[in-house]
Amino acid sequence: MPFLGQDWRSPGWRWVKTEDGWKRCEPFSPTPEDGSNQLNDISHTVILTGDDEEIYSTEDCEFAAKKRKKDHFRNNTDSQCFYREKWIYVHKESTRERHGYCTLGEAFNRLDFSSAIQDIRRFNYVVKLLQLIAKSQLTSLSGAAQKNYFNILDKIVRKVMEDQYNPRLIKDLLQDLSSTLCILIRGVGKSVLVGNINIWICRLETILLWQQQLKNLQMNKQVNNGLTLSDLPLHMLNNILYRFSDGWDIITLGQVTPTLYMLSEDRQLWKKLCQYHFAEKQFCRHLILSEKGHIDWKLMYFALQKYYPIKEQYGDTLHFCRHCSILFWKDTGHPCTASDPNTCLMPVSPQHFIDLFKF
């Protein structure tokens, strides 16, 4: 009588009982579709053994098919771990209902960052989070979380190469990541680095290749006979510049045309930018005066940036429900049991995300 194990530890082989004992037959196909089809075929096949006949129940074989699919997603190194829910319960201690605690790697796997990088509102948030992990939390990731980390990083680099979207941000991320990996690889034995050293060396070589590709990246010149940025009135161009929160973006835009350069050098623009990111007490400690005796707000901004962190601004962020202790993207929703779920929501910055999993 053939036997098909339903234990989650089953390697997925088909076994047949003979006079000498159980023997293993041909393995199932590695693809989920083929595995499901074979299981469905077995569920409707009559197996004759002597005078007895046994028929597999459809329910049992469907259960086994789900196990095969789950193992496929778990063992596939080219894809991110699959979860139906796009939220995670953050708990830091064991309870009767939940054993253990939530780790950074588990949260990183569950929150669907592969889809988030396709959303322009969440792109900068995910990149900043990857950068923080690269600086201090890389050794905290499990093997599965590492695979997901570098798979998402690969998708980000591809997106930047295709769309030319914010390459400077990705260059900073790769620079921090390569610096961290160099330190960890040189100090093997002194630091805990999950995985084989040869795998990390290959990853470092891949990062160096990405850096070279981004260095040689050239922006595609768009041919458009319609209305361009230079055709807008001065007050509209000035209004656009006042919407920027990064000084380097203002400088880059000022290099496009002489008109934009003139607007990007406005003292009032840089004063507003300094006031947005820094406090007045910080101004007094690092005053920079021009030759005419006026405060040079542009130089002040870059000087203060070296000493103090600037405010982070994102189109969309992760949210934390204080009532349910659930971390999720706001658009995906969560099973909150509060009478008014909106009152218990709290936006989570990338640094706050890291701090949630420091025990």
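Residues numbered from 1 in each chain as written. Predicted model: local features only at pLDDT ≥ 70, side-chain atom pairs only at ≥ 80, totals over all residues. Heavy atoms only, no water.

As recorded by an unreviewed UniProt entry, the protein chain carries the name F-box only protein 25 and is attributed to Aegotheles bennettii. As its UniProt record puts it under Subcellular location (unreviewed entry), the protein chain is described as follows: "Nucleus". (UniProt positions renumbered as here; feature names shortened; annotations may be inferred.)

Caption draft 1: Structural view of the environment of Q213. Relative to the helices and strands, Q213 resides in helix α8 (residues 197-215). Q213 sits in the partly exposed class, given a relative accessible area of 31%. Each C-alpha atom, one on Q213 and one on V157, is 9.3 Å from the other, the two residues being 56 residues apart in sequence. (Helix = DSSP H or I, 4+ residues; strand = E, 2+ residues; numbered from the N terminus. Buried < 20%, exposed > 50% of the residue type's maximum accessible area, 1.4 Å probe, protein only.)

Caption draft 2: Up close: the confidence of the model for the protein chain. Taken as a whole, the protein chain shows an average pLDDT of 75; of its residues, 72% reach a score of 70 or greater. Within the protein chain, helix α11 (residues 258-264) carries the highest mean pLDDT (91), whereas strand β4 (residues 46-49) carries the lowest (36). In the predicted structure, residues 5-10 sits below a pLDDT of 50 and forms seven contacts with residues beyond four places in sequence or in another chain. Confidence drops under a pLDDT of 50 for residues 27-57, and excluding neighbours within four residues, the segment shows 45 contacts in the predicted structure. (pLDDT = per-residue confidence, 0-100. Contact = heavy atoms within 4.5 Å.)

Caption draft 3: Just the side chain of H319, in detail. With respect to the secondary-structure elements, H319 resides in strand β7 (residues 318-321). A polar contact of 3.1 Å, which involves the side chain of H319, links it to the backbone oxygen of T317. Residues in contact with H319, not counting those within four places in the same chain, are I326, L327, F328, K330, M346, P347 and V348. (Polar contact = N/O pair within 3.5 Å; in protein donor to acceptor, adjacent residues only side chain to side chain.)

Caption draft 4: Region of interest: the pairing of strand β8 (residues 326-329). What you see with β8 is no split at all: I326 and F328 on one side and L327 and W329 on the other are buried throughout. In terms of strand pairing, strand β6 (residues 87-89) meets β8 through three bridges, oriented antiparallel. In the sheet register, Y89 faces β8, and the bridge partner there is I326. For β7 and β8, the ladder comprises four bridges, and the chain directions are antiparallel. Of the residues in β8, the one forming a bridge with F320 is L327. Linking β7 back to β8 in an antiparallel pair, the connection comprises four residues, with S325 at a positive phi of about 60°. (Pairing = 2+ DSSP bridges.)

Caption draft 5: View of the packing of aromatic side chains. The tally for this structure, following the rule as stated, stands at 13 aromatic pairs. Taking the centre distance of 6.5 Å and the plane angle of 70° together, the rings of F113 and F353 count as edge-to-face. One end of the pair, F113, is in helix α4 (residues 113-116); the other, F353, is in helix α15 (residues 350-355), and 240 residues separate them in sequence. In this structure F113 comes out as buried when scored by relative accessible area, which is 0%. For the ring pair F150 and W200, a centre distance of 6.0 Å and an interplane angle of 75° mean the geometry is edge-to-face. Remark: W200 occurs in helix α8 and F150 occurs in helix α6 (residues 143-163); sequence separation between them is 50 residues. In this structure F150 comes out as buried when scored by relative accessible area, which is 10%. (Phe/Tyr/Trp six-rings, centres within 6.5 Å; stacked < 30°, edge-to-face > 60°.)

Caption draft 6: Summary view of α6. Between its terminal C-alpha atoms α6 stretches 30 Å, which fits the 30 Å expected from 21 residues at 1.5 Å a residue. Here α6 has its buried residues at A145, Q146, N148, Y149, F150, N151, I152, L153, I156, V157, K159 and V160. In this structure, the buried residues of α6 make contact with α3 (104-110), α4, α5 (120-137), α7 (167-186) and α8. Just downstream of α6, Q164 is the residue with a positive phi angle, here 55°. (Expected span 1.5 Å × (residues − 1).)

Caption draft 7: Spotlight on the nonpolar core. In terms of nonpolar packing, the biggest core is built from 53 residues, with F113, Y149, L327 and F353 touching the most fellow members. In terms of residue count, the dominant contributor to this core is α5 (nine residues). One finds L263, F278, Y301 and Y308 within the second-largest nonpolar core, a separate group that totals 20 residues. (Core = buried A, V, L, I, M, F, W, Y, C linked by side-chain atoms within 4.5 Å.)

Caption draft 8: Seen up close, the pattern of salt bridges. Inspection of every chain in the model, using the stated rule, returns nine salt bridges. Two residues, D119 and R122, come together in a salt bridge whose shortest N-O distance is 4.0 Å. The pair formed by D119 and R122 is uniform in burial state, with each residue classed as buried. We note a salt bridge from K298 to E265, for which the minimum N-O separation is 2.8 Å. Of this pair, K298 sits in helix α14 (residues 297-307) while E265 sits in the loop between α11 and α12 (267-277), placing them 33 residues apart in sequence. Taken together, the salt bridges that share partners define one network made up of D119, R121, R122 and D316. (Salt bridge = Lys/Arg side-chain N within 4 Å of Asp/Glu carboxyl O.)

Caption draft 9: Main features of the pairing of β7. Alternating positions in β7 separate into two faces, L318 and F320 on one and H319 and C321 on the other, with burial throughout. As defined by bridge partners, β7 adjoins strand β9 (residues 345-348) across four bridges and the pair is classed as antiparallel. Opposite F320, over in β9, you have M346 as the bridge partner.

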